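What follows is the residue order along each chain.
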Amino acid sequence: MDAALVADDVRRTYGDTVALDGVSLSVDEGEVFGLIGPNGAGKTTLVRALTGTTDAEGTVRVLGEEPTKVDTQRVGLLPQSFTPPERLTARELVDYYAGLYEEARDSDGVLADVGLGDAGDTWYENLSGGQQRRVCVATALVNDPDVLFLDEPTTGIDPAGRRALWALLEDLADTGTTVFLTSHSMDEVERLADRVGLLNDGRLVAVGSPGDLVAEHGGETRLVVRTDAGTDALVDAGFVVEADAETLTFHDVDPRDIGRAVEALERAGVDYDSLTWKQPGLEEVYLRLTGETFEGMRPAETPAATPEASR
Ligand SMILES: Nc1ncnc2c1ncn2[C@@H]1O[C@H](COP(=O)(O)OP(=O)(O)OP(=O)(O)O)[C@@H](O)[C@H]1O
């Protein structure tokens, strides 16, 4: 399969700030690639380098061409911040973008695709923030692009609208559109992306399918028990158990072992408010690889009860 996008050792600095520090990646035609990473990691700069809207060192190819030479008809871009011309209705705005291309889709049809079929006559500035963002998505789709860049497309869009846009993007991917998406929403990326790249401090620190990344970096499954009990009565439980003031955490619990863990709690006479089995996802991968912490990964405040300790 041919590569729709190639970046080879791409670097971009702004003064002393290194925004991209030697990024190399390749995205196949028809692939959905999700780029994640903390604020300031370089995601927008990479989108800009790939679309030729900023200069960068290294090699960039879009559909085999330099980004500034590729046929604009074949590329759609939804930038992170978008300031459209004022005093236009939603339809006029999409028409305006349609007029930039030799061939364009019908504006009402594109507005219907983004869930705004009834809003064509509404002034853009009178739409809600989420509706405005959907109009912006429509402007990126109007030329029916082969490659679509979306920089945080669903920011500000309500949950139902997000799901509708996800379905639209899935349909586009099914028809062979290559999608390069940045997002802070792990569920969005996990659902849409064939492969995910994690950018941290301008470097691509992991690339793979969501499933492979979770298997490699996500960590263990856990059973979290909301209780103020300690681990003393659980030394024979057959699990590694840690306690803090409000929870007991059973580490590395296979779903088939949940019943055994519950029996151990009952044997130990532990009163608890709730039990939650937690499976790692892309969020855990993100937090682990960017060095941030989250609740379930804090060091235990009391010593762990381990199967070994009970021997
Ligand atoms: N035009 C610019 N001038 C100066 N510095 C810039 C410029 N654009 C980006 N930067 C810097 O480059 C770094 C990467 O920024 P970038 O916007 O690419 O990050 P990001 O991953 O998209 O962040 P966010 O998730 O907050 O959108 C940041 O330190 C940012 O301050």
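Residues numbered from 1 in each chain as written. Predicted model: local features only at pLDDT ≥ 70, side-chain atom pairs only at ≥ 80, totals over all residues. Heavy atoms only, no water.

## Quick notes on the sheet that holds strand 10 (residues 222-226)
Condition: If DSSP finds at least two bridges between two strands, the strands pair. In this text, helices come from DSSP runs of H or I with a minimum length of four residues, and strands from runs of E with a minimum of two, each type numbered from the N-terminal end. Geometry is summarised by axes, namely lines fitted to C-alpha atoms with helices restricted to the contacting stretch, and by angles between N-to-C directions that run from 0 to 180 degrees.
Read across the sheet, 4 strands follow the order 11-12-10-13 without closing on themselves; strand pairing throughout is antiparallel. Because the sheet does not close on itself, it has two edges, and the strands there are strand 11 (240-243) and strand 13 (274-278). For this sheet, the mean angle separating the axes of adjacent strands, direction not counted, is 20 degrees.

## Comments concerning the UniProt feature "domain: ABC transporter" (unreviewed entry) in the chain
Quick reminder of the rule: UniProt positions are given in the numbering used here, feature names are shortened, and annotations may be inferred rather than shown by experiment.
UniProt marks residues 5-226 with the feature "domain: ABC transporter" (unreviewed entry), using the numbering shown here. A distance of 47 Å separates the end C-alpha atoms of residues 5-226, which is 31% helix and 29% strand.

## Examining the pattern of salt bridges
Pairs can form between side chains of opposite charge once their charged atoms are near each other. Counted only if it meets this: Throughout this description, the term salt bridge denotes a Lys or Arg side-chain nitrogen within 4 Å of a carboxyl oxygen of Asp or Glu. The rule is simple: take the accessible area with a 1.4 Å probe, protein chains only, and divide by the maximum for that residue type; under 20% is buried, over 50% is exposed, in between is partly exposed.
Within the structure shown, the criterion is met by 16 salt bridges. Residues Lys69 and Glu66 are paired through a salt bridge, measuring 3.7 Å at the closest nitrogen-oxygen approach. The class for Lys69 is exposed, based on a relative accessible area of 57%. The exposure class assigned to Glu66 is partly exposed, which follows from its relative accessible area of 35%. One salt bridge connects Arg162 with Asp187, and the closest N-O pair in it is separated by 3.4 Å. Placement of the pair is Arg162 in helix 5 (residues 159-174) and Asp187 in helix 6 (residues 186-192), with a sequence separation of 25 residues. Overall, the relative accessible area of 18% leaves Arg162 in the buried class. A single salt-bridge network, built from bridges that share partners, covers Asp9, Arg11, Asp21 and Arg203.

## A look at the confidence of the model for the chain
Low-confidence regions, as indicated by low pLDDT, have predicted coordinates that should not be scrutinised in detail. Heads up, the condition is: You can read pLDDT as the predictor saying how much it trusts each residue, on a scale of 0 to 100. Contacts are assigned to residue pairs with any non-hydrogen atoms lying within 4.5 Å of each other.
Per-residue confidence for the chain gives a mean pLDDT of 90; residues scoring 70 or more make up 94%. Below pLDDT 50 for its whole length, residues 294-304 participates in 15 contacts with residues either more than four positions away or in separate chains. Per-residue pLDDT stays below 50 along residues 306-311; that stretch engages in 8 contacts with residues further than four places along the chain or on separate chains.

## Structural notes on the environment of Ser209
To keep it simple, the criterion reads: Pairs of N or O atoms within 3.5 Å make up the polar contacts considered here, provided that, within protein, one atom can donate a hydrogen while the other can accept it, and that residues adjacent in sequence are counted only when both atoms are side-chain atoms.
In this structure, Ser209 sits in the loop between strand 9 (203-208) and helix 7 (210-217). In this structure, the C-alpha to C-alpha distance between Ser209 and Val6, residues 203 residues apart in sequence, is 18 Å. Look past the residues within four positions of Ser209 in its chain and what remains in contact with it is Asp194 and Arg195. Here Asp212 takes part through its backbone nitrogen, which lies 3.0 Å from a polar atom of the side chain of Ser209.

## Quick look at helix 1 (residues 43-50)
Along helix 1, 6 of the 8 residues are buried, which leaves the element largely enclosed by surrounding structure. Looking at helix 1, one finds that the buried residues are Lys43, Thr45, Leu46, Val47, Ala49 and Leu50.

## A short note on the sheet that holds strand 2 (residues 17-28)
Spatial strand order, 2-1-4: 3 strands in an open sheet with antiparallel pairing. Because the sheet does not close on itself, it has two edges, and the strands there are strand 2 and strand 4 (57-62). Taking the axes of each pair of neighbouring strands and ignoring which way they run, one obtains an average angle of 15 degrees across the sheet.

## Notes on the pairing of strand 8 (residues 195-200)
Counting buried residues in strand 8 gives 5 out of 6 residues, a clear majority hidden from the surface. Sheet topology note: the strand 3 (residues 32-36)/strand 8 ladder contains 4 bridges and is parallel. Each bridged residue has a counterpart across the sheet, and for Leu35 the counterpart in strand 8 is Gly197. By the bridge criterion, 5 bridges tie strand 8 to strand 9 in an arrangement that is antiparallel. The residue bridging Leu198 from the neighbouring strand is Ala206, located in strand 9.

## Some words on the nonpolar core
A general feature of soluble globular proteins is that nonpolar side chains tend to end up buried together. Note the cut-off: Buried residues of nine kinds, namely Ala, Val, Leu, Ile, Met, Phe, Trp, Tyr and Cys, make up a nonpolar core once their side-chain atoms join them within 4.5 Å.
Grouped together as the largest cluster of nonpolar side chains are 36 residues, with contacts concentrated most on Val114, Val135 and Leu141. Mapped by element, the contributors of at least two residues to this core are helix 2 (90-98), helix 3 (107-113), helix 4 (129-141), strand 6 (147-151), helix 5 and strand 7 (178-182). Residues contacting Leu141, with those up to four places away along its chain left out, are Arg105, Val110, Val114, Leu148, Leu168 and Leu172. Listed in part, the 24 residues of the second largest apolar core include Ala4, Phe33, Leu50 and Phe149.

## As for the domain arrangement of the chain
Which entries qualify depends on this criterion: Domain limits in this description derive from either an automatic procedure or a database domain assignment. Take the accessible area each of two parts loses on contact, using a 1.4 Å probe, and add the two losses: that sum is the buried area.
With domains assigned, the chain is organised as domain 1 (3-208) and domain 2 (217-310). Relative placement of domain 1 and domain 2: their C-alpha centres are 40 Å apart. Facing the 10 residues of domain 1 at the interface are 9 residues of domain 2. Surface buried jointly by domain 1 and domain 2 totals about 740 Å² across both partners, of which 76% is contributed by carbon and sulfur atoms. Our count for the contact surface shared by domain 1 and domain 2 stands at 0 salt bridges. Along the contact surface separating domain 1 from domain 2 lie 1 residue pair in polar contact (both at pLDDT 80 or more). Among the secondary structure elements, those contributing two or more residues to the side of domain 1 that touches domain 2 are helix 6 and strand 8.

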